[in-house]
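# Inside the fold
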Amino acid sequence: IITDEQKKPIIWIATLLFITLPLHNSMVSNIKSRDGLLSFMFGMLYLNTLVRIHFTDKLLLKVFYLVISFIFIGLGIFSKLDGFNFLLISPFLFLYFDKKVGYKNILRFLLAIILALFLAHHVFDYWSSKKESALEIYSKQNQSDPILFSENPIIAYSEISYKIAYAVQTVYEYSIMVFAINGHYFYYGYDMLPVLPLTEPSIILKALIIFAIILSAFIFYQRNRLYSFGVVFYFICLIYCCNFLTPISGIIADRYIFTASAGACIVLAIALHAITKYVYHQLYLKNASNSNINNDTNKNILQLVIYIVPILLLTSLFYLPKNIERCKDWKSLTSIFEA
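Here's a quick rundown of the structure.

Conventions used here
Residues numbered from 1 in each chain as written. Predicted model: local features only at pLDDT ≥ 70, side-chain atom pairs only at ≥ 80, totals over all residues. Heavy atoms only, no water. Helix = DSSP H or I, 4+ residues; strand = E, 2+ residues; numbered from the N terminus. Contact = heavy atoms within 4.5 Å. Areas by Shrake-Rupley, 256 points an atom, 1.4 Å probe, with all protein chains shown as cover. Axes fitted to C-alpha atoms, helices over the stretch in contact; angles between N-to-C directions. Parallel < 35°, antiparallel > 145°, perpendicular 65-115°, else oblique. Left-handed = near helix turned anticlockwise from the far one by under 90°. Nonpolar A, V, L, I, M, F, W, Y, C, P; charged D, E, K, R; others polar. Buried < 20%, exposed > 50% of the residue type's maximum accessible area, 1.4 Å probe, protein only. Expected span 1.5 Å × (residues − 1). Arc of directions from axis to C-beta. Salt bridge = Lys/Arg side-chain N within 4 Å of Asp/Glu carboxyl O.

### Description of the overall build of the protein chain
The number of helices and strands found in the protein chain is 13 helices and zero strands. Ordered by position from N to C terminus, the α and β elements of the protein chain give α-α-α-α-α-α-α-α-α-α-α-α-α. Restricting the contact set of the protein chain to residue pairs at least 6 apart, pairs at least 24 apart contribute 74%. Summed over all atoms, the accessible surface of the protein chain reaches about 19600 Å², with 68% contributed by carbon and sulfur.

### Some points on the packing of helix α7 (residues 160-177) against helix α8 (residues 201-219)
Running from N to C, α7 and α8 point in directions that differ by 60 degrees, and their axes come no closer than 9 Å. In terms of orientation, α7 lies oblique with respect to α8. Here α7 and α8 pass one another in a crossing that is left-handed. In contact with Ala 165, Val 168, Gln 169, Val 171 and Tyr 172 of α7, α8 contributes Ile 203, Lys 206, Ala 207, Ile 209 and Ile 210. Looking at the contact of α7 with α8 residue by residue, the classes come out as eight nonpolar, one polar and one charged.

### Examining the environment of Leu 148
Summarising the element assignment, Leu 148 is placed in the loop between α6 (103-138) and α7. Residue Leu 148 is classed as partly exposed on the basis of its relative accessible area, which comes to 49%. Distance in space between the C-alpha atoms of Leu 148 and Tyr 190 is 9.5 Å, their sequence separation being 42 residues.

### Let's talk about helix α4 (residues 59-79)
With 21 residues, α4 should cover 30 Å at 1.5 Å per step; its first-to-last C-alpha distance of 30 Å lies within 8% of that length. Taken as a whole, α4 has its buried residues at Tyr 65, Ser 69, Phe 72, Ile 73, Gly 76 and Ile 77. Along the axis of α4, the buried positions cluster into a sector of 125 degrees, meaning they face one direction only.

### With respect to the pattern of salt bridges
A full pass over the atoms with the stated rule returns three salt bridges. Here Asp 82 ties to Lys 80 by a salt bridge, and the two come within 3.8 Å at their closest N and O atoms. One salt bridge connects Glu 325 with Lys 322, and the closest N-O pair in it is separated by 3.3 Å. Placement of both Glu 325 and Lys 322 in helix α12 (residues 296-329) is noted, with a separation of three residues, approximately one turn of the helix.

Note that all results are geometric; they support no functional claim without further evidence.
If you want it as structure tokens, here you go:
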């Protein structure tokens, strides 16, 4: 069970990972993705105000934070539709803070989901009407260009089994790509993922891996709710771009997984924290009789070295050089297409 004191290093590890992932380089370098950065910022501010509501006893302050939260989520959604992810995540945030899983908390959770979906539906309708009005004013076309086969071959397959298999491939690919050093591109496009039947052994194996990760969120819910929240955060943010509800232009893209990667960073941070904690206790117990280790100052230094050094090595030796290399690719339109 993670204590409040242990959450601090997890927060720092998750933050270090998030700001150094090579996956995020194109989001920062690409001016087209500024909408995604704004959406993410306002979405995180929205979640922050919800947390403040939970920890505030004063009614007036609760109402103030509630109003502010609606403003933030509105700005997040209208910056980019990725903001809907934060709206869908918010009920799980309250479920994370509930100390006991009673029927009252479950009813409250279900009510929060219904309200979130209701709000999402009306906001999306409002956004759609505004988009149509803008298109009527600035263009004769009243709809966006359809996705072509060359952008996503799944549009040629109407069978639900193929769509499920393609969604499994997409989610699995994202799960590998989020922490990968190489394999990130400006555009992915046609034939990035082959269209395979659901009975394909590789699809079944990938589906089992994904199912195991999701199942672990339920298994460890009482023991490690932060882990469960990170898993839920990750998979909810992939729903819209997993090529199941609708085919995605380019099949996959760095910008689609930007928000979801925050949940992945939480999960990896917890894993790294558990490993470093185990190593610390092993070294401490072996040297417990040593007077240097028994000293509180030296204990803190030992803990700091064991916690920080592996993370700095991971981010500086592996991720930082790749980020520098990717930044050079964005020098001009020609360089990015060549890369």
